[in-house]
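Take a look at the letters that make up each chain.
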Amino acid sequence: MKNFVVKTIANAGALAVAIWLLQDITLTGDNTGRKTLTLILVALLFGLVNFVVKPVVKLLTLPLFILTLGLITLVVNALMLMLTSWLAGVVSLNFHVDGFWTAVLGGLIISVVSWALNVVLPDED
């Protein structure tokens, strides 16, 4: 359970950094508490997308992973971020990613920040 909470906090922090750095990734809300709640819900949604959808996409694109020496990971991460944005719109969360290239850069930022936070935060169960 603790591992789940740590990963959710890392995802929320990484999403916050991407929102802060890129003007085309937006998170809106009436006040800071509402924005924080929305960020945590989007982090949970992002974690769910990465847990359920990403392994299937990686399996289906395995030949492209081999052919591009793993660079297709940037595209897969961007697609997962865009899917999260779409799902957030479906469930009425105020989170939006505007454009594929923004999603690529956002996915890269989220990957790096999430990795750094997972190194720093404890991960024991």
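It should be emphasised that the depicted structure is a prediction, and the values quoted were computed from it without experimental measurement.

**Things to note about the overall build of the protein**
Then, in step 1: From N to C terminus, the protein includes five helices and two strands.
Then, in step 2: Going from N to C terminus, the protein has its helices and strands arranged as α-β-α-α-α-β-α.
Then, in step 3: Expressed as lengths along the three principal axes of its C-alpha atoms, the size of the protein is roughly 45 × 35 × 25 Å.
Then, in step 4: Per-residue burial over the protein gives 34% buried out of 125 residues.
Then, in step 5: For the protein, restricting intrachain contacts to residue pairs at least 6 apart in sequence, the fraction spanning at least 24 positions comes to 73%.
Then, in step 6: Taking the average location of the 6 positive side-chain charges in the protein and that of its 6 negative ones, the two points are 2 Å from each other.

**Re the UniProt feature "transmembrane region" (unreviewed entry) in the protein**
Then, in step 1: Mapped onto this structure's residue numbering, the UniProt feature "transmembrane region" (unreviewed entry) falls at residues 38-57, 64-88 and 100-121.
Then, in step 2: Here residues 38-57 runs as 100% helix and 0% strand, with 26 Å between its end C-alpha atoms.
Then, in step 3: For residues 64-88, the helix share is 84%, the strand share is 0%, and the end-to-end C-alpha distance is 28 Å.

**Let's talk about the side chain of N11**
Then, in step 1: Looking at the element boundaries, N11 is found in helix α1 (residues 2-21).
Then, in step 2: Among the residues examined, N11 registers a relative accessible area of 13% and is labelled buried.
Then, in step 3: Those residues within four positions of N11 in sequence are excluded, and the remaining contacts are A43, F46, G47 and S114.

**Focus: the packing of α1 against helix α5 (residues 100-120)**
In a packed pair of helices, the relevant descriptors are the angle between the two axes and the axis-to-axis distance.
Then, in step 1: The contact between α1 and α5 brings their axes to 8 Å, and the two run at 140°. The angle between α1 and α5 falls in the class oblique. Of the two elements, α1 crosses α5, and the hand of that crossing is right-handed. The segment α1 lies against α5, with V6, K7, A10, N11, G13, A14, L15, V17, A18 and L21 engaging G106, I109, I110, V113, S114, L117 and N118.
Then, in step 2: Of the residues in the contact of α1 with α5, the class split is eleven nonpolar, five polar and one charged.

**A closer look at the layout of surface pockets**
Think of a ball as big as a water molecule: rolled over the atoms, this probe shows where empty space is left.
Then, in step 1: Of the voids in this model, the largest pocket is the one considered here, and its volume is about 300 Å³.
Then, in step 2: Around the largest pocket, the lining is made up of 14 residues, and of these K7, N11, G47, L48 and N50 lie nearest the centre.
Then, in step 3: Elements represented by at least two residues in the lining of the largest pocket include exactly α1, α2 (32-60) and α5.

**Topic: the packing of aromatic side chains**
Then, in step 1: In the structure shown here, the tally under the stated rule is one aromatic pair.
Then, in step 2: The interplanar angle of 75° and the centroid separation of 5.2 Å between the aromatic rings of F100 and W101 together place this pair among those described as edge-to-face.
Then, in step 3: Note on F100: relative accessible area 29%, which makes it partly exposed.
Then, in step 4: Given the relative accessible area of 66%, W101 is considered exposed.

**A word on the packing of α1 against α2**
Then, in step 1: Packing of α1 against α2 brings their axes to within 8 Å, and their N-to-C directions diverge by 110°. What the angle tells us is that α1 and α2 run roughly perpendicular. For α1 against α2, the interelement crossing comes out right-handed. Counting all contacts with α1, which are made through F4, T8, N11, A12, L15, A16 and I19, the residues of α2 involved are L39, V42, A43, L44, F46 and G47.

About the criteria used
- Starting from 1, residues in each chain are numbered consecutively following that chain's sequence as written.
- Where local features are concerned, this predicted model is filtered to residues with pLDDT of at least 70; where side-chain atom pairs are given and counted, the filter is 80 or more; whole-chain, interface and lining totals use all residues.
- Based on all heavy atoms of the structure, the side-chain values leave hydrogens and waters out of the count.
- Helix numbering and strand numbering both begin at the N terminus, where a helix is a DSSP run of H or I of at least 4 residues and a strand a DSSP run of E of at least 2.
- Here's how the labels work: a residue is buried when its accessible area is under 20% of the maximum for its type, exposed when over 50%, partly exposed in between, all with a 1.4 Å probe on protein chains only.
- Two residues form a contact once any of their heavy atoms are found within 4.5 Å.
- Charged residues are defined narrowly, with Lys and Arg counted positive, Asp and Glu counted negative, and His plus the chain ends left uncounted.
- Just so you know, the charge point we use is NZ for Lys, CZ for Arg, CG for Asp and CD for Glu.
- UniProt positions are given in the numbering used here, feature names are shortened, and annotations may be inferred rather than shown by experiment.
- Lines are fitted to the C-alpha atoms to define the axes, a helix being fitted only along its stretch in contact, and any angle between axes, read from their N-to-C directions, falls within 0 to 180 degrees.
- Any angle that is under 35 degrees is reported as roughly parallel, and any over 145 degrees as roughly antiparallel; angles of 65 to 115 degrees are reported as roughly perpendicular and all others as oblique.
- Crossing handedness is read from the near helix: turned anticlockwise from the far helix by less than a right angle, it gives a left-handed crossing, and turned clockwise, a right-handed one.
- By the convention adopted, Pro, Cys, Tyr, Trp, Phe, Met, Ile, Leu, Val and Ala count as nonpolar, Lys, Arg, Asp and Glu as charged, and the other residues, Gly among them, as polar.
- Of the grid points, spaced at 1 Å and generated over the protein atoms alone, those admitting a 1.4 Å probe that cannot get out make up cavities, while open sets with protein on both sides within 12 Å along at least five of seven lines make up pockets; any residue with an atom within 4 Å of a point is treated as lining.
- Grid points are joined across faces, edges and corners, and a volume is the space filled by probe spheres set on the points.
- Pairing of aromatic side chains here covers Phe, Tyr and the six-membered ring of Trp, requires ring centres within 6.5 Å, and sorts the geometry by plane angle: under 30 degrees stacked, over 60 edge-to-face, intermediate tilted.

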